[in-house]
Amino acid sequence: MLEFNLHYQWDDFSAHYQAKIDKGFTCLLGGSGEGKSTLLYLLGGFLKGEGQARFDGRDVFALEPSQRPITTLFQSDNVFPQLSVWDNVAVGIHPSRKLSSTDKARVMQSLEKVQLDALSMKFPGELSGGQVQRVSIARALVRQQPILLLDEPFSALDPSLRREMLSLVKQLTHEQRLIALMVTHSPDDAIFVDGNVILVDKGKLVAQDSAQVLTGRSRNVHFERYLGL
Ligand SMILES: Nc1ncnc2c1ncn2[C@@H]1O[C@H](COP(=O)(O)OP(=O)(O)OP(=O)(O)O)[C@@H](O)[C@H]1O
């Protein structure tokens, strides 16, 4: 369980985020500029804010960003074209890629999880678009952190590839018992991953529900307003 009560101020933008998030997939929805990414940046330590964040009872907000049990996957998480698939994943553990034998085994396990083990010596230029995306997912997984933050990582992909990546991350989230928190502009994506949804409005988390609320099977006035119903 991830619990937080965070405050952040930037010029006129003031945010106060409070929620409890269970293991599994949660999508952050909301209009542009409402403060979805800011929450991820605070949790990941890319922005400094006030407050508390506890993971399984442990205060993680007081930790240095690199010590937090958190990995972030950004949209711009490109792979390095001059490095092999294996090396692209190894940099997730250490930029030098000088790894212990245990770490090397971790790299191989991550590649197996995204089914790239047979392509580990290839270079990104030799891969399909989907395979390249899987390299960045493997790089996030190799860090073996229990919390995965995703800032619209697949929004630039065409619909079929986007769904393929969402399915893969959903499957890995369940297998690894992760907390995955994903910013998205797409209610369809949130319905597709079928976890929980949180609505962000003017820097606040105004509603938290199952993704079913987006299909009309259950009702919530905040989500209805967001969907324009
Ligand atoms: N360090 C910062 N520098 C500039 N603007 C900031 C900063 N921190 C927060 N903001 C402002 O915070 C507000 C929320 O931005 P944020 O990116 O979190 O929204 P969002 O809901 O993710 O938007 P989008 O869906 O368009 O990506 C914006 O008005 C943004 O300009």
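Note that the structure is a prediction, hence the values are computed from the model and not measured.

## Details of the overall build of the protein chain
Broken down by element type, the protein chain carries seven helices and 10 strands. In terms of C-alpha radius of gyration, the protein chain reaches 18 Å, essentially the compact-globule figure of 17 Å for 229 residues. Dimensions along the principal axes, computed over C-alpha positions, put the protein chain at roughly 50 × 40 × 30 Å. Relative to its full complement of 229 residues, the protein chain shows a buried share of 38%.

## Focus on the site of the ligand
In the vicinity of the ligand, 13 residues are found, and the nearest of them are Trp10, Ser32, Lys36, Ser37 and Thr38. Examining the composition of the shell around the ligand, we find that three residues originate from one element, helix 1 (residues 36-44), more than from any other. For the shell around the ligand, the per-class residue count stands at four nonpolar, seven polar and two charged.

## What to know about the confidence of the model for the protein chain
A residue-level look at the protein chain finds 100% of positions with pLDDT of 70 or above and a mean pLDDT of 93. Across the protein chain, the element-wise mean pLDDT spans from 91 in helix 5 (residues 159-175) up to 98 in strand 3 (residues 24-29). Both scores are given for the predicted complex: the pTM is 0.92, the ipTM 0.93.

## A closer look at helix 3 (residues 101-113)
Between its terminal C-alpha atoms helix 3 stretches 18 Å, which fits the 18 Å expected from 13 residues at 1.5 Å a residue. Along its buried surface, helix 3 packs onto helix 2 (85-90) and helix 4 (129-141). The first or second residue beyond helix 3 is Gln115, which carries a positive phi of 55 degrees.

## Quick word on the domain arrangement of the protein chain
By domain assignment, the protein chain separates into domain 1 (1-69 + 146-228) and domain 2 (79-144). Inter-centroid distance (C-alpha atoms) of domain 1 to domain 2 is 26 Å. Taken residue by residue, the interface counts seven residues in domain 1 and nine residues in domain 2. If one sorts the elements of the side of domain 1 that touches domain 2 by residue count, helix 5 sits on top with six residues. A breakdown of the residues in the side of domain 1 that touches domain 2 according to their chemical character gives six nonpolar, no polar and one charged.

## Regarding the packing of helix 4 against helix 5
Any two packed helices are characterised by how steeply their axes cross, that is the angle between the axes, and by the distance between the axes. Close contact between helix 4 and helix 5 brings their axes to 10 Å; oriented N to C, the two are set at 25 degrees. Considering their axes alone, helix 4 and helix 5 lie roughly parallel with respect to each other. The two elements helix 4 and helix 5 meet at a crossing, and its hand is right-handed. In this structure, helix 4 contributes Gly129, Gly130, Gln133, Arg134, Ile137 and Leu141 to the contact, and helix 5 contributes Leu161, Glu164, Met165, Leu168, Val169 and Leu172. Looking at the contact of helix 4 with helix 5 residue by residue, the class counts come to seven nonpolar, three polar and two charged.

## What about the nonpolar core?
Side chains of a nonpolar character, in soluble globular proteins, are inclined to be buried together. Counting 62 residues, the largest nonpolar core has Leu28, Val89, Ala138, Ala180 and Val197 as its most contacted members. Two domains each put at least three residues into this core: domain 1 (1-69 + 146-228) and domain 2 (79-144). Filtering out sequence-adjacent residues up to four positions away, Ala180 remains in contact with Phe25, Thr26, Leu148, Leu150, Val169 and Thr173.

## Some points on helix 4
Along an α-helix, residues three or four apart share an orientation, since each turn contains 3.6 residues. In this model, helix 4 (13 residues) spans 19 Å end to end at C-alpha, consistent with the 18 Å of a helix rising 1.5 Å per residue. Among the residues of helix 4, Gln133, Arg134, Val135, Ser136, Ile137, Ala138, Arg139, Ala140 and Leu141 are the ones counted as buried. On its buried face, helix 4 is in contact with strand 6 (70-74), helix 2, helix 3, strand 7 (147-151) and helix 5.

## Section: unusual backbone geometry
Non-glycine residue Asp56 carries a positive phi angle of around 45 degrees. Within the fold, Asp56 resides in the loop between strand 4 (50-55) and strand 5 (58-59). The exposure class assigned to Asp56 is exposed, which follows from the 11 C-beta atoms found within 10 Å. A positive phi is found at Glu152, a non-glycine position, where the angle reads about 45 degrees. Of the residues examined, Glu152 has 20 C-beta atoms within 10 Å and is grouped as buried.

## Quick notes on the pairing of strand 8 (residues 179-183)
With five of five residues buried, strand 8 is to be regarded as a mostly interior element. Residues of strand 8 alternate between two faces, with Ile179, Leu181 and Val183 on one and Ala180 and Met182 on the opposite face, all of them buried. Pairing geometry for strand 3 and strand 8, over five bridges, is parallel. Within the sheet, the bridge partner assigned to Gly24 lies in strand 8 and is Ile179. As paired strands, strand 7 and strand 8 are joined by five bridges and run parallel to one another. When the bridges of strand 8 are listed, Leu149 appears paired with Leu181. Where the polypeptide runs from strand 7 across helix 5 and back to strand 8, its parallel neighbour, the crossover connection is right-handed.

About the thresholds
Residues numbered from 1 in each chain as written. Predicted model: local features only at pLDDT ≥ 70, side-chain atom pairs only at ≥ 80, totals over all residues. Helix = DSSP H or I, 4+ residues; strand = E, 2+ residues; numbered from the N terminus. Rg over C-alpha atoms; globule rule 2.2 N^0.38 Å. Buried ≥ 20, exposed ≤ 12 C-beta atoms within 10 Å, placed from the backbone. Near = placed C-beta within 6 Å. Nonpolar A, V, L, I, M, F, W, Y, C, P; charged D, E, K, R; others polar. pLDDT = per-residue confidence, 0-100. Expected span 1.5 Å × (residues − 1). Contact = placed C-beta atoms within 7 Å. Domains from an automatic or database assignment. Axes fitted to C-alpha atoms, helices over the stretch in contact; angles between N-to-C directions. Parallel < 35°, antiparallel > 145°, perpendicular 65-115°, else oblique. Left-handed = near helix turned anticlockwise from the far one by under 90°. Core = buried A, V, L, I, M, F, W, Y, C linked by C-beta atoms within 7 Å. Pairing = 2+ DSSP bridges. Right-handed = clockwise from strand over helix to strand, strands pointing away.

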